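The chain contents come next:
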Amino acid sequence: MPRQLHRCLLIGPLLAVAACGYAPPNPADTAKPTYQSDLAACQTSGDKEAHRLVMSRGGLFLTYPISLPIEETRQTRKCMAGKGYAASQ
């Protein structure tokens, strides 16, 4: 037990310093009309690309109801990142 406590006392301050150095990306202004139109276009293209990818892969095809929404989100984020928008967690 004392050995684990010693490790926690050493690692704790290091983690605190590392956490303070993180700067999240600037959020996009979601009220702009260009953001809304880009989002709609990316959702449409992301849905089509996700459907194509899921249908073309055998393992994903078997889990279509589960894998399609995950792949849609992934493709929409990829499109929005391509347009210069940072995804927030």
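Since the model is a prediction, treat every value here as computed from it, not as a measurement. (Residues numbered from 1 in each chain as written. Predicted model: local features only at pLDDT ≥ 70, side-chain atom pairs only at ≥ 80, totals over all residues. Heavy atoms only, no water.)

**Describing the overall build of the protein**
So the rule is basically this: We count a stretch as a helix when DSSP gives it H or I for four or more residues in a row; a strand needs E for two or more, and each element gets its number in order from the N terminus. Accessibility here uses a 1.4 Å probe with only protein chains present; expressed as a share of the type maximum, an area under 20% marks a residue as buried, one over 50% as exposed, and anything in between as partly exposed. Contacts: residue pairs with any heavy atoms within 4.5 Å of one another. Each accessible area value is a Shrake-Rupley result obtained with a 1.4 Å probe; residue values ignore everything except the protein chains displayed when judging cover.
Per the secondary structure count, the protein includes four helices and zero strands. Listed N to C, the secondary structure of the protein is α-α-α-α in terms of helices and strands. When each of the 89 residues of the protein is scored for burial, the buried share is 16%. When contacts within the protein are restricted to residue pairs at least 6 apart in sequence, those whose partners lie at least 24 apart make up 53%. When the accessible area of the protein is evaluated, it comes to approximately 7,000 Å², of which 64% is carbon and sulfur surface.

**Observations concerning the state of the cysteines**
Threshold: We call a pair of cysteine sulfur atoms a disulfide whenever their separation is within 2.5 Å.
All told, the structure shown has one disulfide when counted by the stated rule. Here Cys42 is linked by a disulfide to Cys79, with a sulfur-sulfur distance of 2.1 Å. With the S-S bond torsion at -65°, the cross-link from Cys42 to Cys79 turns out left-handed. Residue Cys42 is located in helix α2 (residues 33-56), and its partner Cys79 is located in helix α4 (residues 64-82); the two are separated by 37 residues in the primary sequence.

**As for the pattern of salt bridges**
Our working definition: Should a side-chain nitrogen of Lys or Arg be within 4 Å of a carboxyl oxygen of Asp or Glu, the pair is scored as a salt bridge.
Applying the stated rule across the entire model yields three salt bridges. A salt bridge links Glu49 to Arg52, with the nearest nitrogen and oxygen atoms 2.6 Å apart. One end of the pair is Glu49 and the other is Arg52, both in helix α2 and three residues apart, which spans about a single turn. The exposure class of Glu49 is partly exposed, given its relative accessible area of 26%. On the basis of relative accessibility, which here comes to 46%, the residue Arg52 falls in the partly exposed class. Its salt-bridge partner being Glu71, residue Arg74 comes within 3.2 Å of it at the nearest N-O pair.

**With respect to the confidence of the model for the protein**
The criterion, for reference: Every residue gets a pLDDT, meaning the predictor's confidence in that residue, from 0 to 100.
Looking at the protein as a whole, its pLDDT mean stands at 75, while 62% of the residues score no less than 70. Every residue in residues 14-25 is under pLDDT 50, and counting partners more than four places away or in other chains gives two contacts.

**Some points on the side chain of Gln75**
Assignment of secondary structure puts Gln75 in helix α4. If we ignore the near neighbours within four places in the chain, the residues touching Gln75 are Gly46, Glu49, Ala50 and Leu53.

**As for α4**
Stated precisely, the cut-off is as follows: Expected span, for any helix, means 1.5 Å times one less than how many residues it has.
Here α4 spans 26 Å end to end across 19 residues, near enough to the 27 Å set by a 1.5 Å rise per residue. Taken residue by residue, α4 has Ser67, Leu68, Glu71, Gln75, Thr76 and Met80 as its buried positions. Gly84, located one to two residues past α4, shows a positive phi value of around 100°.

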